[in-house]
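Spelled out, the chains give:
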Amino acid sequence: MPDTDPGTGSPAVAVQVIVAENDHSFTLNEAALERILLDRRVRDSEIVILSIAGAFRKGKSFLLDFFLRYLYAKGSKNWIGDPDAPLKGFPWKGGSERNTSGILMWSDPFEISLPNGDKLCILLMDTQGAFDSQSTVKDCATIFALSTMISSVQVYNVTSNIQEDDLQHLQLFTEYGRLALEGSKAKPFQDLHFLIRDWPYPYQYEYGWTGGEKLLEKRLKIIEGQHEELQQLRRHLRSCFNKIKCCLMPHPGLKVATNQNFDGRLSDIEGDFKIHVEEFVSSLLLPESLVVKEINGTKITGKELIEYFKAYIKIYQGSELPEPKSMLEATAEANNLAAVANARDLYAKHMEMVCGGDKPFLHPELMQKEHDRCHQEAIQLFQSIRKMGGEEKSRIYLEQLEREITEMYGNYSSHNSAKSFYASFQTPLTLVVLLVALIIISKLSDLIGLESIVSLLSFGVMTVLASLVAWGYTRMTGKFPEVGSSIDDAALFIQQMMYRSKGLVVKADGEKKTL
């Protein structure tokens, strides 16, 4: 596994993006999250977010490191690696005490090419284990809820069997899902995979997905005499998740469980476990199996996911668990804010193309026309994005977008005004120097009788003079900016030729650097 993140050159590590505080509150490590989600590979890319949650000391981080091995090996035939190589990545250790705190995300996103040529990024998340001696019931529910709402694939790590209390953790989501489905046909959650660790009854249900599906079908079956609450949970569960599956995993062996010096090397792990962990990991990470993150039926990019993190952590900072209605409102808020951010970025991108920092002065009337065009395109994009919360909520965020665009236009106008004739002198100075030089050389050539060269130089003088007049006109009026830009490029080329003999390079802003 690489020691560094290829995108940043920094060591690839598990980064804590949700921090568990001593007072049992949770805070968002916004700077760390943005370093990952605003990475050039992730920012505008569709993403797969695979998370694992469940009780503490049940091997969640240990399992995630097999996912890392697969991804760094790019799914090659022998991806599981050297039998004597320690297992590295997300931090884990043996023993009875909690190791992971809050929610961690691997700092190195994995770019994947799909069979159709599209690209997306895979992000891995690890979560604080539930039911340890330091966590309250609210702490456990909060971590489970945050990871389920953020991920596109949630692996629910349980031991030995699916118990009724394992299903009870999903009660909050079934009520949320019922409310969400009232306003949308899209299911609120995506894939939920029960992973039953240390399955003790392979003679009843075989290891792997086949036995797991049989067990899951039995556990979710509604039977006569069952309490109404339990029936309702089972009734709504499948309607809330796009897919619910189950996989049965054998025990990794006594060396893993009892050796305090166990470091994850395959030679100490039972053969059955290695076979089934290979099958489980590859089945979730094959290109055709990847589940792109969606909210309200719309695929989410890295930069959009930041808004959802912010909205969700806000509602879970109180002393009580939020009502499902509050969770739905937070999702709607993040959904609209992400639409505002996309529209704002589109406006900025298009305005930069016509009047950005490296563009020449633009006539105010032309700039107003460009603003109107870019503004209209941004509004159309905002309105085309599927949003939650209805028209009334959407109108509030549309007004916010209008205010932000107005402020941005004011900034662009100020920068454009600073590009007037009096603020620019590099090009006219170059042209004047060139003009004087041509006139002097022409006079000298005339004195010594070089008539053919004099004619050529006279043509050069007229050309430079015409360029100087044309450049002044474009800068004073803001019209024909492409002509002014071409003359700027020609002047820059002349400056570079002039300074090259002195060992200098001239940049577009006039700065000189010694070679």
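None of the values given here were measured: they were computed from a predicted structure.

**Student:** Which residues make up the packing of helix α2 (residues 60-72) against helix α9 (residues 271-285), and what values go with them?
**Tutor:** Where α2 contacts α9, the axes come no closer than 10 Å and their chain directions differ by 65°. The handedness of the crossing between α2 and α9 is right-handed. In contact with Phe62, Leu63, Phe66, Phe67, Tyr70 and Leu71 of α2, α9 contributes Phe273, Val277, Phe280, Val281, Ser282, Leu284 and Leu285. Of the residues that constitute the contact of α2 with α9, the class distribution is twelve nonpolar, one polar and no charged.

**Student:** An account of the pattern of salt bridges is requested, with residue identities and associated values reported.
**Tutor:** Pairing between side chains of opposite charge can happen when their charged atoms approach one another. What the rule picks out here adds up to 16 salt bridges. The residue lysine 310 makes a salt bridge to glutamate 30 at a minimum N-O spacing of 3.3 Å. Note that lysine 310 is positioned in helix α10 (residues 302-315) and glutamate 30 in helix α1 (residues 30-37), a separation of 280 residues in sequence. Under the relative-accessibility criterion, lysine 310 is labelled partly exposed at 27%.

**Student:** An account of the pairing of strand β4 (residues 103-106) is requested, with residue identities and associated values reported.
**Tutor:** Both faces of β4 are covered, namely the face carrying Ile103 and Met105 and the face carrying Leu104 and Trp106. As paired elements, strand β1 (residues 14-20) and β4 share four bridges and run antiparallel to each other. Looking at the pairing, valine 15 lines up with methionine 105 of β4. Looking at chain direction, β4 and strand β6 (residues 119-127) are connected through three bridges and run antiparallel.

**Student:** Would you mind going over the nonpolar core in detail, with residue names and values included?
**Tutor:** Ranked by size, the top nonpolar core spans 62 residues in total, and within it Leu37, Phe194 and Phe309 carry the most contacts. Discounting residues that sit within four places of it in the chain, phenylalanine 309 has contacts with Val17, Ile18, Leu28, Leu33, Leu37, Met105, Met125 and Ile150. Of all hydrophobic cores here, the second largest spans 44 residues; its members include Ile52, Trp79, Ile269 and Leu290.

**Student:** Go over helix α7 (residues 228-240), please, and point to the residues and values.
**Tutor:** The terminal C-alpha atoms of α7, which comprises 13 residues, lie 18 Å apart, in line with the 18 Å expected from a rise of 1.5 Å per residue. Every buried residue belonging to α7 is among Gln231, Leu233, Arg234, Leu237 and Cys240, and all of these are buried.

**Student:** Quick rundown of a nonpolar patch on the surface? Include the residues and the values.
**Tutor:** The grouping of Val432, Val436, Ile440, Leu444, Leu447, Ile448, Leu450 and Ile453 at the surface amounts to a nonpolar patch, some 750 Å² of accessible area in total. Per-element accounting of the nonpolar patch gives the leading share, five residues, to helix α14 (residues 426-447). You can see valine 436 is positioned in helix α14. The partly exposed category is assigned to valine 436, whose relative accessible area is 43%.

**Student:** Would you mind going over the packing of aromatic side chains in detail, with residue names and values included?
**Tutor:** For the structure on display, the rule yields 17 aromatic pairs. For the ring pair phenylalanine 90 and tryptophan 106, a centre distance of 5.4 Å and an interplane angle of 45° mean the geometry is tilted. In this pair, phenylalanine 90 sits in the loop between α2 and β4 while tryptophan 106 sits in strand β4, placing the two residues 16 residues apart along the sequence. On the basis of relative accessible area, tryptophan 106 is assigned to the buried category, the value being 2%. Site record: aromatic cluster; members linked through ring pairs are Phe62, Phe66, Phe262 and Phe273. A cation over a ring is seen here: lysine 245 above tryptophan 209, with NZ or CZ 4.4 Å from the ring centre.

Conventions used here
- Residues numbered from 1 in each chain as written.
- Predicted model: local features only at pLDDT ≥ 70, side-chain atom pairs only at ≥ 80, totals over all residues.
- Heavy atoms only, no water.
- Axes fitted to C-alpha atoms, helices over the stretch in contact; angles between N-to-C directions.
- Helix = DSSP H or I, 4+ residues; strand = E, 2+ residues; numbered from the N terminus.
- Left-handed = near helix turned anticlockwise from the far one by under 90°.
- Contact = heavy atoms within 4.5 Å.
- Nonpolar A, V, L, I, M, F, W, Y, C, P; charged D, E, K, R; others polar.
- Salt bridge = Lys/Arg side-chain N within 4 Å of Asp/Glu carboxyl O.
- Buried < 20%, exposed > 50% of the residue type's maximum accessible area, 1.4 Å probe, protein only.
- Pairing = 2+ DSSP bridges.
- Core = buried A, V, L, I, M, F, W, Y, C linked by side-chain atoms within 4.5 Å.
- Expected span 1.5 Å × (residues − 1).
- Patch = residues over 30% accessible without salt bridge, like charges linked within 9 Å, V, L, I, M, F, W, Y side chains within 5 Å.
- Areas by Shrake-Rupley, 256 points an atom, 1.4 Å probe, with all protein chains shown as cover.
- Phe/Tyr/Trp six-rings, centres within 6.5 Å; stacked < 30°, edge-to-face > 60°.
- Lys NZ or Arg CZ within 6 Å of the ring centre and 35° of its normal.

Read these as spatial facts, not as claims about activity.
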